[in-house]
Amino acid sequence: MVTQTPELPFTGLTLSGVAARYANGTEALRDLDLTVMPGERLVVVGPSGAGKSTLLRLMAGLMAPTSGTIRWGNATAPRPGSIGVVFQDPTLLPWRSALGNVALPLRVRGVPQRAAREAAYEGLRAMGIADFAHAVPAELSGGMRMRVALARALITGPDLLLFDEPFAALDEITRFRLNDDLLALAATARVSLVFVTHSIFESAYLASRVLVLSPRPGRIVDGLEFPPQDPAGPSFRTAEAFRLRTAAISTALTRAMGEGP
Amino acid sequence: MTRLLSLIVPVLALGLALLYWAVAVQLSGVPRYLVPGPLDVLMALITDAPVLLPALAVTLGTTLLALMLALIGAGALAMVLVQSRLLERAFMPFAIILQVTPVVAVAPLLLIYTDSRTAVLTTAFIVAFFPILATMLAGLRAADPGLRDLMRLMGASRLQVLITLELPSALPFALTGLRIGGGLSLIAAVVGEFAAGSAGRDAGLAYRLLEAQYRLNAPRVFAALVLLAVAGIALYGLTSLISHLALTRWRRGGSPR
């Protein structure tokens, strides 16, 4: 089994001088210095091919940087279960029920079947889809599948949740609802979010900080810090502050597009 | 209405073909012992049943046993090979040689070393083995890369990934391999029996067919052929049924086929 390092409080994720180059020579990221603070909601925007997904893979520890270092708290590798990832595709096991999918991370760690399923049921309830616990993914709508993926990402109590354009394929109403749920969750679960999106509106709504990447090879060309939503919740979408945020992000993004390699 | 029609039309076509066969034999005046009509074949099936049915059981038994052994063997080997790219590379030349060679040709060789029953079984086994191995390998690798990443993040062991992700992903592939392997192993069993030519209690259907041909017993040759066709249909039906049962869970949710 996996030997677990003693659990220390999450002190943030730090990337120092990180560059990533693929075997085929494509330079995805260059000179990245970045710290994800505990509890912050970092949204990464940038043009297509700016290396946003690569950045998430590096943060998840799924690939090693070509140069530079990454530290998860004080460790050089993430503790299993300390990072939850949600991709654009819900990536569920199609032959397992929603319950079985959510229980999987616990089962992998050797949690007994019964306890894992009980925890998974609670997770599904928190996502508002307990009624569909025994449905297989094919029986669920896109939004519900995404909720199952979210419940699975949360079940190990991660310090850090990584999102790779998770709601891009969903309709706008479902996306708005999931955004609200995500904010509620981030407020209660004390988890850091890193969220990659193409949507300026989504980034303005979710972020406590927005990072703007340049076209490939991706570099950080702008960072925008935002105060808490006022008013908080769905009505923020129609507030003047929200409009100003989208304008600021939009301007930063336009500037970033001009930053060639 | 169209449903009924789509059921009736093939039956009708088969009936017409049989009728044409009967009439053509009747009108042409070809001797019955050379080209029997469908009724003669039916008569041969009934009168020769004591000879042909045990032979059918032997051939089908050999085929099914070979198929089962191939499924177990190829499945196990695929699980080993998929663990290491290098191992798989090392195995490649054998796989390619055995893939491009009409492997049934090993039957005469096997007969030098073993008794005929074992030789036929081994031939059918080898022939079914490679399609199943190839589809299993493809299946084990077909697992969603996103799910692989997730399992890595969960800290899953190699064995956990195999059991939880790769084996279930490989299931539809394995079943396709089983269907292909089933048809091929029947062919291999027939060829093996031709080569082995064993008489007596162990005689399979293909041997009985060959024997009837030597004796110019055309109706019995036809009857044996009909039974081989029945064996093929039974085998296909069985493997399809297994597929259907095994994949029920995958199809739940009624995604259109």
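All values reported here derive from a predicted model rather than from experimental measurement.

What follows covers the overall build of chain A. Helix and strand content of chain A: 7 helices and 9 strands. Its C-alpha radius of gyration of 18 Å places chain A within 12% of the 18 Å reference for a compact globule of 261 residues. Summarising its shape, the C-alpha atoms of chain A cover approximately 55 × 45 × 35 Å along the three principal directions. A burial count over chain A gives 54% of its 261 residues as buried. Once local pairs closer than 6 in sequence are excluded, the contacts in chain A between residues at least 24 apart make up 70%. Accessible surface, chain A: about 11,500 Å² in total, of which carbon and sulfur atoms supply 54%. On chain A, the mean spot of the 26 positive side-chain charges and the mean spot of the 23 negative ones are 5 Å from each other.

Residues and elements named next belong to chain A. Pairing within the open sheet is antiparallel, and its 3 strands lie in the order 2-1-4. Looking at which strands have only one partner, the edges of the open sheet turn out to be strand 2 (27-36) and strand 4 (67-72). Adjacent strand axes in the sheet meet at a mean angle of 15 degrees, parallel and antiparallel pairs treated alike. Inspection of the sheet shows strand 1 (residues 13-21) paired to strand 4 by 5 bridges, in the antiparallel sense. Bridge pairing in strand 4 links S16 to T69.

Glancing now at the interface of chain B and chain A. Many authors give the size of an interface as the accessible area that is lost as the parts come together. Each partner contributes to the interface: chain B provides 20 residues, whereas chain A provides 26 residues. Of the charged contacts in the structure, one is a salt bridge between D149 of chain B and R57 of chain A, with a shortest N-O distance of 2.6 Å. For the pair chain B and chain A, the number of links is 4 residue pairs in polar contact (both at pLDDT 80 or more). If you list the elements that add at least two residues to the side of chain B that touches chain A, you get helix 7 (145-153), helix 8 (158-196) and helix 11 (248-251) of chain B. The leading source of residues in the side of chain B that touches chain A is helix 7 of chain B, at 7 residues. Classifying every residue of the side of chain B that touches chain A gives 9 nonpolar, 6 polar and 5 charged.

Once that is clear, we can look at the side chain of E202 of chain A. With respect to the helices, strands and loops of the structure, E202 of chain A is situated in helix 6 (residues 200-206). In this structure, E202 of chain A is buried with no salt-bridge partner, the nearest side chain bearing the opposite charge being R175 of chain A at 4.7 Å.

With that settled, the discussion passes to the domain arrangement of chain A. Residues and elements named next belong to chain A. For chain A, the assigned domains read domain 1 (13-30 + 37-82 + 159-261) and domain 2 (93-157). Each of domain 1 and domain 2 has a C-alpha centre, and the two are 25 Å apart. For the pair domain 1 and domain 2, the interface holds 1 salt bridge. The partner of R147 in a salt bridge is D181, and the shortest N-O contact between them spans 2.6 Å. Where domain 1 meets domain 2, there are 3 residue pairs in polar contact (both at pLDDT 80 or more).

Moving on to the pairing of strand 6 (residues 160-164) of chain A. Residue and element names in this part refer to chain A. The buried count for strand 6 comes to 5 of 5 residues, which makes it a mostly enclosed element. Side chains L160, L162 and D164 of strand 6 all project onto a buried face; the interleaved residues L161 and F163 project onto the opposite face, where all are buried too. Pairing of strand 5 (residues 83-86) with strand 6 involves 4 bridges; the strand directions are parallel. The residue bridging I83 from the neighbouring strand is L160, located in strand 6. Crossover connection from strand 6 via helix 5 (residues 172-189) to parallel strand 7 (residues 192-196): handedness right-handed.

All names here are of chain B. Taken domain by domain, chain B comprises domain 1 (1-30) and domain 2 (36-251). On a C-alpha basis, the centroid separation for the pair domain 1 and domain 2 is 32 Å. Contacts between the two partners involve 4 residues from domain 1 and, on the opposite side, 5 residues from domain 2. Taken together, the two surfaces of domain 1 and domain 2 that pack against each other cover about 310 Å², and 86% of this comes from carbon and sulfur. Of all residues in domain 1, the largest losses of buried area upon contact with domain 2 belong to W21, A22 and V25, amounting jointly to 91% of the total for that side. The tally of links from domain 1 across to domain 2 stands at 0 salt bridges.

Next up on the list: the packing of aromatic side chains. As enumerated under the stated definition, the model contains 10 aromatic pairs over all chains in all. Relative to F242 of chain A, the ring of F201 of chain A lies with its centre 6.4 Å away and its plane at 25 degrees, an arrangement referred to as stacked. On the criterion of sequence distance, the pair formed by F201 of chain A in helix 6 and F242 of chain A in helix 7 (residues 240-258) is long-range, its members being 41 residues apart. What makes F201 of chain A exposed here is its relative accessible area of 53%. Between F129 of chain B and F130 of chain B, the ring centres sit 5.1 Å apart and the planes meet at 70 degrees, which makes this aromatic pair edge-to-face. For the pair F129 of chain B and F130 of chain B, one class covers both residues: buried. Three or more aromatic residues joined by ring pairs form one cluster here, namely F201, Y205, F236 and F242 of chain A.

Calculation notes
Every chain is numbered independently, its residues counted from 1 as its sequence is written. Think of it this way: whatever chain is written first is A, whatever ligand is written first is 1, and the rest follow in order. This being a predicted model, a pLDDT of at least 70 is required before a residue's local features are given, and a value of 80 or more before pairs of side-chain atoms are given or counted; all residues contribute to the totals for chains, interfaces and linings. The side-chain quantities take in all heavy atoms of the structure and omit both hydrogens and water. Starting at the N terminus, helices and strands are each numbered in turn, a helix being any DSSP run of H or I of at least four residues and a strand any DSSP run of E of at least two. Radius of gyration here is computed from C-alpha atoms only, and the compact-globule reference equals 2.2 Å multiplied by the residue count raised to the power 0.38. To sort residues, take the accessible area from a 1.4 Å probe on protein chains only and compare it with the maximum for the residue type: under 20% means buried, over 50% means exposed, and anything in between is partly exposed. The contact definition used throughout considers only heavy atoms, calling two residues in contact when any of these lie within 4.5 Å. Per-residue accessibility takes into account occlusion by the displayed protein chains alone, with areas from the Shrake-Rupley method and a 1.4 Å probe. Think of it this way: Lys and Arg go in the positive column, Asp and Glu in the negative one, and His and the chain ends go nowhere. Charge placement uses NZ in Lys and CZ in Arg. For Asp and Glu, CG and CD serve respectively. Strand pairing is assigned whenever DSSP detects at least two bridges linking the two strands. Only the stretch in contact is used when a helix axis is fitted, and all axes are lines through C-alpha atoms; the angle between N-to-C directions ranges over 0 to 180 degrees. A carboxyl oxygen of Asp or Glu within 4 Å of a side-chain nitrogen of Lys or Arg is what we treat as a salt bridge. N or O atoms closer than or at 3.5 Å make up a polar contact, with two conditions inside protein: a donor-capable atom paired with an acceptor-capable one, and, for residues adjacent in sequence, both atoms drawn from side chains. Under the scheme applied here, ten amino acids are nonpolar (Ala, Val, Leu, Ile, Met, Phe, Trp, Tyr, Cys and Pro), four are charged (Asp, Glu, Lys and Arg), and all others, including Gly, are polar. Residue ranges assigned to each domain were obtained from an automatic or database domain assignment. A right-handed crossover is one whose linking path, passing over the helix from the first strand to the second, runs clockwise when the strands point away from the viewer. The term buried area refers to how much accessible surface (probe radius 1.4 Å) is lost by two components on association, counted for both of them together. Ring pairs shown here join Phe, Tyr and Trp side chains whose ring centres sit within 6.5 Å, with only the six-membered ring taken for Trp; geometry is labelled stacked below 30 degrees between planes, edge-to-face above 60, and tilted in between.

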